[in-house]
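# Reading the structure
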Amino acid sequence: MKNTSSGTLQNRIRTLRFLNGEMTQAELGNKIGVTRQTVAAIESGKYSPTLETAFRISDAFDVRLDEVFSWSRH
Amino acid sequence: MAYRERVAWLTVSAMLVTLVPFFALARSGRFDLSELPNGGLMVALAIATVAQVLIIGAGHLLLRLRFRSDASEPPDERDRLIERRSTRWAYYVLIAGVVLVGVAMPFSSGGWQIILAALAAVLIAELVHYGLVIIGYRRTV
């Protein structure tokens, strides 16, 4: 997770991939136009995607953005 | 490991194994750095450059064969961000080198000392660039 002074960006991508037929990181990457490594970085919280990519991810899972990403205050 | 990180490792390795020995040879005292042109140093530089090109060329070929699908993927937003950040810092290093070599050194040095300093500035800037690319992929920004 990416740490800042005020909070942490969290995501449910791993869970959503599981719920969508164990979609692979490469398959999700192909759907949203990023590499498998970038999906892995987003999923592990090491990279915060652009707003456009975040929307693409939620669209790929057919859920709302706040069902994928959430902001956790410290 | 991301394909572009592999390419960065390849480039850094090629630069280190070819240009560092060249600089070590040039600074070993076997050549008169005030002499221009210096045939021996020019040959050594040519050998180092050709060796670098061959290593990078062969390395690219092997990487493309080994990671065919990764190699064909266009850069995504994370790749572009890492490239942008590393290029920016390398640019600062290169500018500092240019100021040192082009503005300060002509008052105190000459001949191959200036040429070597210019090459060193390019080498250091490239090492900073690819080094930051590697760090960028390791830390993922």
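None of the values given here were measured: they were computed from a predicted structure.

Moving on, we come to the overall build of chain A. The helix and strand tally for chain A stands at four helices and two strands. For chain A, the sequential pattern of α-helices and β-strands runs β-α-α-α-α-β. A compact globule built from 74 residues would reach a C-alpha radius of gyration of about 11 Å, and chain A, at 12 Å, matches this within 12%. The principal-axis extent of the C-alpha atoms belonging to chain A is close to 35 × 20 × 20 Å. A total of 74 residues make up chain A; the buried ones form 41% of that total. Residue pairs in contact within chain A that sit at least 24 positions apart in sequence constitute 60% of those at least 6 positions apart.

All names here are of chain B. Tracing the sequence through the fold places L63 in helix 2 (residues 39-66). L63 sits 60 residues away from Y3 along the chain, and the two C-alpha atoms are 8.1 Å apart. Excluding its chain neighbours within four sequence positions, the residues that come into contact with L63 are Y3, R6, V7, L10 and R68.

Moving on to the nonpolar core. Within the largest apolar cluster, 21 residues are counted, with the highest numbers of intra-cluster contacts made by F22, F23, L41, W112 and L116 of chain B. The next biggest cluster of nonpolar side chains, apart from the first, holds 17 residues, and it includes V39, I42, V68 and F69 of chain A.

Here we take up the pattern of salt bridges. All names here are of chain A. Counted under the stated rule, the structure contains seven salt bridges over all chains. Ionic pairing is found between R56 and E52, a salt bridge with its closest N-O pair at 2.5 Å. Of the two residues, R56 and E52 are both situated in helix 4 (residues 51-61); the distance of four residues between them amounts to about one turn of the helix. Among the charged side chains, a salt-bridge network with shared partners connects R64, D66 and E67.

Throughout the structure, instances matching the rule amount to two cavities of 30 Å³ or more. A volume near 70 Å³ is recorded for the largest cavity. What lines the largest cavity is T35 and Q37 of chain A together with A2, Y3, R4, D70, E73, R78, D79 and Y137 of chain B. Mapped by element, the contributors of at least two residues to the lining of the largest cavity are helix 1 (3-26) and helix 4 (77-104) of chain B.

Looking now at the packing of helix 4 of chain B against helix 5 (residues 112-139) of chain B. Residue and element names in this part refer to chain B. In the contact formed by helix 4 and helix 5, the axes pass within 8 Å of each other and the chain directions differ by 160°. With respect to helix 5, the axis of helix 4 lies roughly antiparallel. Where helix 4 crosses over helix 5, the handedness of that crossing is right-handed. Considering only residue class, the contact of helix 4 with helix 5 consists of 17 nonpolar, five polar and three charged.

Once that is clear, we can look at the environment of A48 of chain B. Looking at the secondary structure, you find A48 of chain B in helix 2. A sequence separation of 27 residues divides A48 of chain B from P21 of chain B, and the C-alpha atoms of the two residues are 8.3 Å apart.

With that out of the way, let us pick up the packing of aromatic side chains. All names here are of chain B. Enumeration according to the criterion identifies three aromatic pairs over all chains in this entry. With centroids separated by 5.5 Å and ring planes inclined at 65°, the aromatic side chains of F22 and F23 adopt a geometry described as edge-to-face. For the pair shown, F22 and F23 are each scored as buried. Of the aromatic side chains, those joined through ring pairs into one cluster are W89, Y91 and Y92. Positioned above the aromatic ring of F67, the side-chain terminus of R6 is 3.9 Å from the ring centre.

Before going further, it helps to spend a moment on a positive patch on the surface. Together, R80, R84, R85 and R88 of chain B make up a region of like positive charge exposed at the surface. Looking at where R88 of chain B falls in the secondary structure, it is placed in helix 4.

Trans is the prevailing form of peptide bonds, just as negative phi is the prevailing case for residues other than glycine. Residue and element names in this part refer to chain A. The backbone of E22 sits at a positive phi, close to 50°, despite the residue not being glycine. Along the chain, the position of E22 falls in the loop between helix 1 (13-19) and helix 2 (25-32). Positive phi outside glycine occurs at D62, with the angle close to 60°. Assessed through its relative accessible area of 68%, D62 is described here as exposed.

Thresholds, definitions, all that
- Residues numbered from 1 in each chain as written.
- Chains lettered and ligands numbered in written order.
- Predicted model: local features only at pLDDT ≥ 70, side-chain atom pairs only at ≥ 80, totals over all residues.
- Heavy atoms only, no water.
- Helix = DSSP H or I, 4+ residues; strand = E, 2+ residues; numbered from the N terminus.
- Rg over C-alpha atoms; globule rule 2.2 N^0.38 Å.
- Buried < 20%, exposed > 50% of the residue type's maximum accessible area, 1.4 Å probe, protein only.
- Contact = heavy atoms within 4.5 Å.
- Core = buried A, V, L, I, M, F, W, Y, C linked by side-chain atoms within 4.5 Å.
- Salt bridge = Lys/Arg side-chain N within 4 Å of Asp/Glu carboxyl O.
- 1 Å grid on protein atoms, 1.4 Å probe; cavity = no way out; pocket = protein on both sides within 12 Å on 5 of 7 lines; lining within 4 Å.
- Points joined across faces, edges and corners; volume = space filled by probe spheres on them.
- Axes fitted to C-alpha atoms, helices over the stretch in contact; angles between N-to-C directions.
- Parallel < 35°, antiparallel > 145°, perpendicular 65-115°, else oblique.
- Left-handed = near helix turned anticlockwise from the far one by under 90°.
- Nonpolar A, V, L, I, M, F, W, Y, C, P; charged D, E, K, R; others polar.
- Phe/Tyr/Trp six-rings, centres within 6.5 Å; stacked < 30°, edge-to-face > 60°.
- Lys NZ or Arg CZ within 6 Å of the ring centre and 35° of its normal.
- Patch = residues over 30% accessible without salt bridge, like charges linked within 9 Å, V, L, I, M, F, W, Y side chains within 5 Å.
- Areas by Shrake-Rupley, 256 points an atom, 1.4 Å probe, with all protein chains shown as cover.
- Lys, Arg positive; Asp, Glu negative; His and termini not counted.
- Charge placed at Lys NZ, Arg CZ, Asp CG, Glu CD.

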